[in-house]
Amino acid sequence: MSEENLEQRTRALVRDKFSEYYRTNKSTILPPPYMERREFGFLLTEGVMVRHKSFKQVEGLVSFIEATVPSDVYHSAAYYLDPEAPMDSKCWTGSDLIFDIDADHIDTECKERHDRWSCLECKATGHGKTPKTCPNCGRQKLSEDTWMCYDCLERAKEEVLKLIDLLNSDFGVNHDHMRVNFSGHRGYHLHVDTEDVKSLGSEERKAIADYVTGTGLDGDLLGLYDLDGRIKIEDGPKITDPSWRGRVARRIDKILFEADVEELRSIGLKSKMIETVRKRRKEVESSKDRSLLGLIEGFGEQTWKLIIQRAVSLESVGIDTVVTTDIHRLIRLPRTLNGKTGLRAMKVQIGELRKFNPLEQATVFGGYETVHIQEAPQFTVGGEQYGPFKDVDENLPTAAAIFLLCKRKAYPVVKPIV
Amino acid sequence: MSSERDKARYPFTSEAAEFVKSLNIGVDDLTSEPYNLILKRAEQRIRQALFKPDELSPQEQDPNIEIPSFPTAIMLMAFVDSENTKRRYAVAESKSFSKKLKDEEPEKVLEIAKRTFGWRIKHPDDKTGTVDFLLHFREYLTNSRNMNELKWKLTNRYLKSGYIQLTKDETARLLEEEIQKKILEKTKHPKVEPPKALQEILSEINGLASVRSTSQDLVQTFSIEVADMPQCIKRMLDTLSSGGRLSHIGRFTLTSFLINAGATEEDVMDFFKTASDFDEGKTRYQVEHISGGRGGKTRYTPPKCDTLRTHGLCVGPDELCKRVKHPLSYYKRKRILSKRSVAKPAQAPEI
Ligand code: SF4
Ligand SMILES: [Zn+2]
Ligand SMILES: [Zn+2]
């Protein structure tokens, strides 16, 4: 069978299943607030993007989805007077502030296990995070094959929780004004829709993105250092301080008290200093005053820089800043399917985020399908683990089969007509 | 409650505006006694703002003239054709106001910020420190966007429950931006013919404005043709040369554009020297970096139109813009087109 035919069969089956999902779940589709002022976009299964659509009511949106069975559904974070007009004349009136947290932007060890890249020029391949240039030939034409697992989704979730906390304590945004959606793939979107943020331009949003990531932090301005470039002891940062000053202080405190030898070494501390830290921990624990900052004397400028750097990078929230600054961004609509995985994008209540497990809760299909799998690492869908596979026919639960089909790692096996 | 002295000092406040309203002076009154003194003072304001901004200072002894002279000057400026001149005026007035505000009691500053501009600003609970005010981050962000120093960067501020800690001086500086925006807003062209009574004085002011036409200066400074530049770049040039500020990406775009269009590093340095927050070392570093001077590395090109659009720097495309994706290709095409049309120099280049 030709490759083209296989591709067509794959598309047809995916479309079939998506269509069935939308037929039976249309009542759950969750339009964004003020839907009539948003632009909607649809990626059709043939790869064509239909944009500049708008709907006054959810019914219209649902019947459009039912009729076209798109592989992905998006809406604008922005509000327009005329959402259907071409870009220049839509008349932008505001936009939610959005944050995109994706495992793509977070370094995790599991990537070594499940991600691969290959060079389109010299055919070199490798495991883990895709390098910027091919280490073999130095060119930049690399294709990547990324997967997700419980670990990286948990890490992404940690980032979301960090972000919620920061938006709440520093920006004063309360939970009612934050919406968290699982993207149906490797991450989460967080929307803030207070009146305060809606009219901000992209420069202002850039400032917020930089704040969230700790970009441009200046230790002198935050009063972290004394004149010798060492951490200030007197009048220095306290864990109760607001904003980055307190955040850095809390993290340093945590590092100095809790980091194990290996972590301290990874920060760049020499063995002698690690010994000092350990000794002083004991001293401090037996005294009442739980302040290690003051006790770590003799640390040089260089050491403090390393510790502070680590503290900042641990506190920094891993968002894709481009998404936050783009005031015309289209973003996935919850309760629709993600064409890259067949998983459902969905809203998660902030109170339930901690125990939310997308690999169990975002699967939608029932039944079984037989597919031929070219190659796949071990993966989890619907709470079950599968694989690794190479060049085999398998009868899998539909959710797992669709997942592989969407990733183009398998194609449907035609059942013989009896 | 604000005194007449306050209104004369800060004629942009809502109290001052109400006061002027209550005087009930018509435009036609301005040319006859005793109101012609208001018109005179308004003209003086404009002259000072454009040519000797340091001399701009309130004449508190006669509030009945001083207070209405401000809205009168603004009305005059609205009829002026050059955006550049308007900006120069707005910059000078707002700077002189903020200088005064820095010497005021915190209460006064707070009152103006709240009542005239609706800022969410308050005193901190603990008044012992160096912090005078807490300001909502939204008002902070919209007024600090053109400030490039690290200390204005949100990341380096104390931000708690949506509020930012500020000193009085910093607050006055942020108010300066707010006042400047207000003046620029109010000097937008009213799209009607100027009143007959004002035509004489207006032609005089328009004459003043052309004395220092920036784009003329520019054509001489650079070996490149300003008339062929896209609107976005012209706007950046105008902003800088009239004392306004550019965001970081704005500076980057402008510098890389000029370098790529053939300006030398020295040309660009000269031009930036006139900018209000010029820092020689920093600017030189930037210019050299962008032109690939240091270590002879890559020369940077300006961002694509798409990117400029997301950053709000695209001014709104004209016909040629629709056919290009990059401000440099705009310039190159326009150059070719205008060379071809050298034969018919009927149209004056737009500024
Ligand atoms: S379309 Fe491009 S060249 Fe034209 S004004 Fe906008 S950014 Fe500049
Ligand atoms: Zn290669
Ligand atoms: Zn993983």
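Residues numbered from 1 in each chain as written. Chains lettered and ligands numbered in written order. Predicted model: local features only at pLDDT ≥ 70, side-chain atom pairs only at ≥ 80, totals over all residues. Heavy atoms only, no water.

> Please set out the environment of Val371(A) residue by residue, giving values where relevant.
All names here are of chain A. Mapping Val371 onto the fold places it in strand E14 (residues 368–376). Residue Val371 is classed as buried on the basis of its relative accessible area, which comes to 0%. A C-alpha to C-alpha distance of 47 Å links Val371 and Val173, two positions 198 residues apart in sequence. Discounting residues that sit within four places of it in the chain, Val371 has contacts with Val392, Asp393, Glu394, Leu396, Ala401, Leu405, Ala410, Tyr411, Pro412 and Val413. (Helix = DSSP H or I, 4+ residues; strand = E, 2+ residues; numbered from the N terminus. Buried < 20%, exposed > 50% of the residue type's maximum accessible area, 1.4 Å probe, protein only. Contact = heavy atoms within 4.5 Å.)

> Tell me about unusual backbone geometry, and please be specific about residues and values.
A cis amide bond links Gly387(A) with the next residue in sequence, Pro388(A), at an omega value of 0 degrees. Of note, Pro388(A) is situated in the loop between strand E16 (384–386) and strand E17 (389–397). For the bond running from Glu33(B) to Pro34(B), omega is -5 degrees, close enough to zero to count as cis. Structurally, Pro34(B) can be placed in the loop between helix H2 (14–23) and helix H3 (36–51). Even without a glycine there, the phi angle at Asn24(B) is positive, about 55 degrees. Relative to the helices and strands, Asn24(B) resides in the loop between H2 and H3.

> Go over the site of ligand 1 with me, naming the residues and quoting the values.
Residue and element names in this part refer to chain B. Taken together, Pro230, Cys232, Cys305, Leu308, Arg309, Cys314, Val315, Pro317, Cys321 and Pro327 make up the full set of residues adjacent to ligand 1. Broken down by element, the shell around ligand 1 gets its largest block of residues, 3 residues, from helix H15 (residues 305–310). Considering only residue class, the shell around ligand 1 consists of 9 nonpolar, no polar and 1 charged. (Near = heavy atom within 4 Å. Nonpolar A, V, L, I, M, F, W, Y, C, P; charged D, E, K, R; others polar.)

> Please set out the coordination of the zinc ion (ligand 2) residue by residue, giving values where relevant.
Residue and element names in this part refer to chain A. Of the protein atoms, only Cys119 (SG), Cys122 (SG), Cys134 (SG) and Cys137 (SG) coordinate the zinc ion (ligand 2), at distances of 2.2 to 2.4 Å. Written as a sequence motif, the donor arrangement for the zinc ion (ligand 2) is C-x2-C-x11-C-x2-C. Residue classification places Cys137 among the partly exposed positions, given a relative accessible area of 27%. (Donors = N, O, S within 2.8 Å, 3.2 Å for Na, K, Ca; no water.)

> Can you explain the pairing of strand E10 (residues 178–182) of chain A? Please cite residues and give values.
All names here are of chain A. Within E10, 5 of the 5 residues are buried, which leaves it mostly tucked inside the rest of the structure. Neither face of E10 is left uncovered, since the one carrying Met178, Val180 and Phe182 and the one carrying Arg179 and Asn181 both have all their residues buried. The antiparallel pairing of E10 with strand E11 (residues 187–192) creates a hairpin that spans 4 residues between the two strands, and Gly184 there sits at a positive phi of about 90 degrees. Pairing analysis gives 3 bridges linking E10 to strand E13 (residues 346–348), with the strands arranged antiparallel. Bridge pairing in E13 places Phe182 opposite Met346. (Pairing = 2+ DSSP bridges.)

> How would you summarise the packing of aromatic side chains if you had to cite specific residues and measurements?
Remark: the centre distance and the inter-plane angle together describe each pair of aromatic rings, the angle taken between the planes. Residues and elements named next belong to chain A. For the coordinates displayed, the defined rule picks out 24 aromatic pairs over all chains. Between Phe171 and Tyr211, the aromatic rings sit 5.2 Å apart at their centres with planes inclined by 80 degrees, giving edge-to-face as the arrangement. With Phe171 in the loop between helix H4 (150–169) and E10 and Tyr211 in helix H6 (residues 202–213), the pair connects residues that are 40 residues apart, well separated along the chain. The two residues Phe171 and Tyr211 agree in class, both being buried. (Phe/Tyr/Trp six-rings, centres within 6.5 Å; stacked < 30°, edge-to-face > 60°.)

> Give a description of the interface of chain B and chain A that names residues and reports values.
If you look at the interface, chain B gives 27 residues, while chain A gives 30 residues. Contact between chain B and chain A buries roughly 2,400 Å² in total, counting both sides, with carbon and sulfur atoms accounting for 58%. Looking at the side of chain B facing chain A, the largest losses of area belong to Thr155(B), Tyr158(B) and Leu159(B), adding up to 24% of the total buried there. At the boundary of chain B and chain A, one finds 3 salt bridges. Ionic pairing is found between Asp196(A) and Arg120(B), a salt bridge with its closest N-O pair at 2.7 Å. Taken together, the links from chain B to chain A amount to 17 residue pairs in polar contact (both at pLDDT 80 or more). (Buried area = accessible area lost by both parts, 1.4 Å probe. Salt bridge = Lys/Arg side-chain N within 4 Å of Asp/Glu carboxyl O. Polar contact = N/O pair within 3.5 Å; in protein donor to acceptor, adjacent residues only side chain to side chain.)

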